[in-house]
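Now for the letters of each chain:
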Amino acid sequence: MSDDASIELTTDNGNPRHIAIIMDGNGRWAQKRLLPRFLGHQAGVRTVRKIVDYCVKENIKVLSLFAFSSENWRRPPAEVNLLMKLFMSTLQKEIDKLDRNNIKLLCIGNKADFSPALQAKIAEGEAQTTHNTGLTLIIAANYGGHWDICHATQQVLDKILTGQLVTGIITEQLIEQHLSTAGLPEPDLFIRTGGEQRVSNFLLWQLAYTEFYFTPTLWPDFGQESLGEAIESFKRRQRRFGQTGEQVLHPSHSS
Ligand code: IPE
Ligand code: IPE
Ligand code: MG
C-alpha cells in the first residue's frame, strides 16, 4: 500500500469508486420457497440488473460481482451445469444493453476451464465494450484470490525468464500491475449478502484496506435501497490507512 493511499478515494459525492459484492444466498432464497436452487440463481440475475443500473445512475466507477468461485466446481454437477448455462444466456441477453449503457465488461478468473463457446462469448462481450468509458463491470467467474496472486506472480516470472523484465526485486507495485484488476482502483466497499461473514477467496490482495459490509439479506432480495444503505454506512466511516483519526481530520497537523 503506497503512502498516498488516501488520495482520491471516493467520487465527489463521497460514493465509493469501486464496490465489490459477494452475491450470496440464491440457493437459500429458493429453498425457503420450496423451489429448486436454480430458480434462486435466476432471481439473482434480476438483482444484478438492478444493482448495475443503480451503479450507473450513481456514477460508480467499478462494480465487481463474484459470480462463480474457483471452489464452486465442488457443487453437484447439475448445479454447475445450470450455472454455466445461465452465465452464457445472461451474456447473450445483456451484452448489447451493457454496450448501450457505456458499460465496460471485464471478466476475471481462470477462463481456460470454461467451454470454448463460453470463452468466446466472454471475449466477444469484453471486445464489444472495451472502449466504453462509464461503469467498469467486473464479473469474477472461476475466480479465486489465491489464483489471482499466483497468476500475477507467474506472469512476472515469465517476463523475467524471457528477458522482458529485468529485476531482482518483487515489489507490491509489480504484483499489482499483474493482477486481474490491474489499473483499476481497489475496492472501497465490500458487500456480502446472505449472512455469512467471510471472504471466500474473493479479491484477497485488493481488499487490503476495503470497508466491509455484511447483510443477512439474501441476494435475490437485495435491491437498490439495500445498496443505498450499504453506501450510507460506507460514508459514515472514517478510513485511516494506518494514520490516527486526528491526522485524517486535520491533514495539515500530520507532521
Ligand atoms: C451464491 O448463492 C451464488 C453462487 C455461489 C453461484 P449460493 O448458491 O451460494 O446460495 P446459498 O449460499 O446456497 O444460499
Ligand atoms: C461465494 O459464495 C462465491 C460466490 C458468491 C460466487 P459461496 O456460497 O460459494 O461461498 P462459501 O463457500 O459458502 O464460503
Ligand atoms: Mg452460498
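Caption draft 1: Here's a closer look at the side chain of Arg239. Mapped onto the elements of the fold, Arg239 is located in the loop between helix 7 (224–235) and helix 8 (245–249). Classification of Arg239 as buried rests on a relative accessible area of 14%. At a separation of 3.0 Å, a polar atom in the side chain of Arg239 contacts the side chain of Asp188. A polar contact of 2.8 Å, which involves the side chain of Arg239, links it to the backbone oxygen of Tyr209.

Caption draft 2: Representation of the site of ligand 1 within the structure. For ligand 1, the full set of nearby residues is Met23, Asp24, Gly25, Asn26, Gly27, Arg28, Arg37, His41, Ala67, Asn72, Arg75 and Leu83. Gly27 is positioned with one of its backbone polar atoms (N or O) 3.0 Å from an oxygen atom of ligand 1. Isolated, ligand 1 exposes 370 Å² of accessible area, and the fraction of that covered by the protein chains is 86%. Elements supplying a minimum of two residues to the shell around ligand 1: helix 1 (26–32) and helix 2 (37–57). In terms of residue count, the dominant contributor to the shell around ligand 1 is helix 1 (3 residues). The residue makeup of the shell around ligand 1, split by class, is 3 nonpolar, 5 polar and 4 charged.

Caption draft 3: Representation of the site of ligand 2 in the model. The environment of ligand 2 is formed by Ile22, Met23, Asp24, Phe66, Ala67, Phe68, Ser69, Asn72, Arg75, Arg192, Arg198 and Ser200. A distance of 2.7 Å separates an oxygen atom of ligand 2 from a polar atom in the side chain of Arg198. For ligand 2, an oxygen atom lies 2.6 Å from a polar atom in the side chain of Ser200. In isolation ligand 2 has 390 Å² of accessible area, and contact with the protein removes 78% of it. When its residues are assigned to classes, the shell around ligand 2 shows 5 nonpolar, 3 polar and 4 charged.

Caption draft 4: Spatial organisation of the environment of Leu137. When you line up the elements, Leu137 lands in strand 4 (residues 136–143). We classify Leu137 as buried; its relative accessible area is 4%. Remark: the alpha-carbon pair of Leu137 and Ile160, spanning 23 residues in sequence, is separated by 31 Å. Once you skip the residues sitting within four places of it in the chain, Leu137 turns out to touch Val52, Leu63, Leu65, Leu98, Ile103, Lys104, Leu105 and Leu106.

The rules behind each value
Residues numbered from 1 in each chain as written. Chains lettered and ligands numbered in written order. Predicted model: local features only at pLDDT ≥ 70, side-chain atom pairs only at ≥ 80, totals over all residues. Heavy atoms only, no water. Helix = DSSP H or I, 4+ residues; strand = E, 2+ residues; numbered from the N terminus. Buried < 20%, exposed > 50% of the residue type's maximum accessible area, 1.4 Å probe, protein only. Polar contact = N/O pair within 3.5 Å; in protein donor to acceptor, adjacent residues only side chain to side chain. Near = heavy atom within 4 Å. Areas by Shrake-Rupley, 256 points an atom, 1.4 Å probe, with all protein chains shown as cover. Nonpolar A, V, L, I, M, F, W, Y, C, P; charged D, E, K, R; others polar. Contact = heavy atoms within 4.5 Å.

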